[in-house]
Amino acid sequence: LKEHWSYENITIWSHDNRYCGGNLQSPIDLRFNKSHIDRRLKAMYLQKQNSHDSLQLINNGHTAQLNLKNHFVLKNVAPASEDYRVEQIHFHWGHANDDVNGSEHLLEGRSYPLEMHMVTYSSWFSNIHEAMSNTRALAVVGVFFELSFESNPFLQPIINALGRIRDNGKHVVINENFNLKALIGEKRMRRYYRYDGSLTTPPCYESVIWSVLQEPLQLSSEQLQAFQRLHGEKSVLMKNTYRTIQSIGSRKLFRSFT
Ligand code: 1SD
Ligand code: ZN
């Protein structure tokens, strides 16, 4: 298992990580006409936990990641299923002067400039590392962002902190109020695509129940640029932090909405 990988050479990920060459890989192109309605897919929601742990935003060389340990559980991932504990959120984007590419999933063949992932793990496991490689032990919620003239105030606590984690390995504590529930919006969690997939980065474990919300969030181009200014390994600009789409193969794509 190789820890070192980059977005410059996605095509060779499978040389060091055999799962990356598997049949249940992510991301994929989400198409309404190729999806099946599943009426058992209920509105998901976040339940606040009683935690006073600080929120840490880190530059891990591949993305900006906000650690949310013990703050929320995700409910209704599947009918009568266990809770999924929210571990972190992180982002995927393109590069400066590219307002189009950046998302990992596509919607009707279309990309968005930013995609947020909320990574959760089944409460049957004691931590995410134990869960990581087990079937359906992770549930990741993907949320697209599209550009708007107005900035998104719910995203601003993260944007403000990005300037302080420009370089690989940096981390800061977010002291401003960050409200994940308000950022995503309760209603948005009703309409989503659902399929069985993988981590979109090495080791590409095929352990993820994917939910990608149909309705995007908005951010301003100034907010987007704050991501595009981050530096990764060897101080090079972190750019095009997204994996190309993978074949859906024989998998079924479901949706929660009509
Ligand atoms: O890319 C992330 C990776 O950084 C890590 O967070 C992993 C879960 O531990 O998830 C992948 S992803 O599939 O959510 N992109
Ligand atoms: Zn991700």
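Described in the following lines is the structure provided in the data block. (Residues numbered from 1 in each chain as written. Chains lettered and ligands numbered in written order. Predicted model: local features only at pLDDT ≥ 70, side-chain atom pairs only at ≥ 80, totals over all residues. Heavy atoms only, no water.)

## A word on the packing of aromatic side chains
Here is the rule: Each Phe, Tyr or Trp ring, with Trp reduced to its six-membered ring, pairs with another whose centre is within 6.5 Å; inter-plane angles below 30 degrees give stacked pairs, above 60 give edge-to-face pairs, and intermediate values give tilted ones. Only DSSP runs of H or I covering at least 4 residues are called helices, and only runs of E covering at least 2 are called strands; the numbering of each starts at the N terminus. For each residue, the accessible area found with a 1.4 Å probe, counting protein chains only, is set against the maximum for its type, and the residue is called buried under 20%, exposed over 50%, and partly exposed in between. Throughout this description, the term charge over a ring refers to an Arg CZ or Lys NZ atom that lies within 6 Å of the ring centre and within 35 degrees of the ring normal.
For the structure on display, the rule yields nine aromatic pairs. When the centroid spacing of 5.4 Å and the interplanar angle of 65° are considered together, the rings of Y19 and Y205 count as edge-to-face. A residue pair is termed long-range when its members are at least 10 positions apart, and Y19 in the loop between α1 (13-16) and β1 (29-30) and Y205 in the loop between β12 (192-197) and β13 (208-213) qualify at 186 residues. For Y19, a relative accessible area of 32% puts it in the partly exposed group. Given a relative accessible area of 16%, Y205 falls into the buried group. Through a chain of ring-to-ring contacts, the aromatic side chains of W5, Y7 and W13 assemble into a single cluster. Cation over ring: R18 sits above Y19, and NZ or CZ is 4.5 Å from the ring centre.

## Comments concerning the site of ligand 1
The following threshold applies: Only heavy atoms are used to decide nearness, and a residue is near a molecule or strand if one of them lies within 4 Å of it. Think of a polar contact as two N or O atoms within 3.5 Å of one another; within protein, one of them needs to be a possible hydrogen donor and the other a possible acceptor, and neighboring residues in sequence only count if both atoms come from side chains. Using a 1.4 Å probe, the Shrake-Rupley method yields the accessible areas, and only the shown protein chains count as cover for residues.
Neighbouring residues of ligand 1: Q88, H90, H92, E104, H117, V119, M132, L199, T200, T201 and W210. Within the side chain of H90, a nitrogen or oxygen atom sits 3.3 Å from a nitrogen atom of ligand 1. The side chain of T201 places a nitrogen or oxygen atom 3.1 Å from an oxygen atom of ligand 1. Taking 360 Å² as the accessible area of ligand 1 by itself, protein coverage stands at 87%. Elements that contribute at least two residues to the shell around ligand 1 include exactly β7 (84-93) and β9 (114-122). Here the element with the most residues in the shell around ligand 1 is β7; it accounts for three residues.

## As for the pairing of β7
A regular strand carries its side chains on alternate faces of the sheet. Our working rule: A strand pair is defined by DSSP finding two or more bridges across the two strands.
Most of β7 is tucked away, with nine of its ten residues classed as buried. Looking at chain direction, strand β5 (residues 64-67) and β7 are connected through three bridges and run antiparallel. By the bridge assignment for β7, N67 is matched with Q88. In this sheet, β9 lies alongside β7 in antiparallel orientation, the contact comprising nine bridges.

## Observations regarding the coordination of the zinc ion (ligand 2)
Our working definition: Note that water is not among the atoms considered, so a metal site may appear incomplete; the donors listed are N, O and S atoms within 2.8 Å of the metal, with 3.2 Å applied to Na, K and Ca. Every angle between 85 and 135 degrees makes a four-donor site tetrahedral, while opposite donors more than 155 degrees apart, with all other angles between 65 and 115, make a four-donor site square planar and a six-donor site octahedral; other sites are irregular.
Surrounding the zinc ion (ligand 2) are the protein donor atoms H90 (NE2), H92 (NE2) and H117 (ND1), at 2.0 Å. Relative to the metal, the four donor atoms surrounding the zinc ion (ligand 2) lie at angles of 96 to 115°, and the coordination shape comes out tetrahedral. In primary sequence terms, the donor set of the zinc ion (ligand 2) follows H-x1-H-x24-H. With H92 in strand β7 and H117 in strand β9, the pair connects residues that are 25 residues apart, well separated along the chain. A relative accessible area of 1% places H117 in the buried class.

## Looking at the environment of R255
Under the convention used in this document: In what follows, a contact means two residues having at least one pair of non-hydrogen atoms within 4.5 Å.
Looking at the element boundaries, R255 is found in strand β15 (residues 253-255). Taking the C-alpha atoms as reference points, R255 and F91, 164 residues apart in sequence, are found 23 Å from one another. Not counting residues up to four positions away in its chain, the partners in contact with R255 are F32, S35, H36, I37, D38, L41, Y192 and Y193. In terms of polar contacts, R255 uses its side chain to reach the side chain of S35, at 3.0 Å.

Everything listed is a geometric property; what it means functionally is a separate question.
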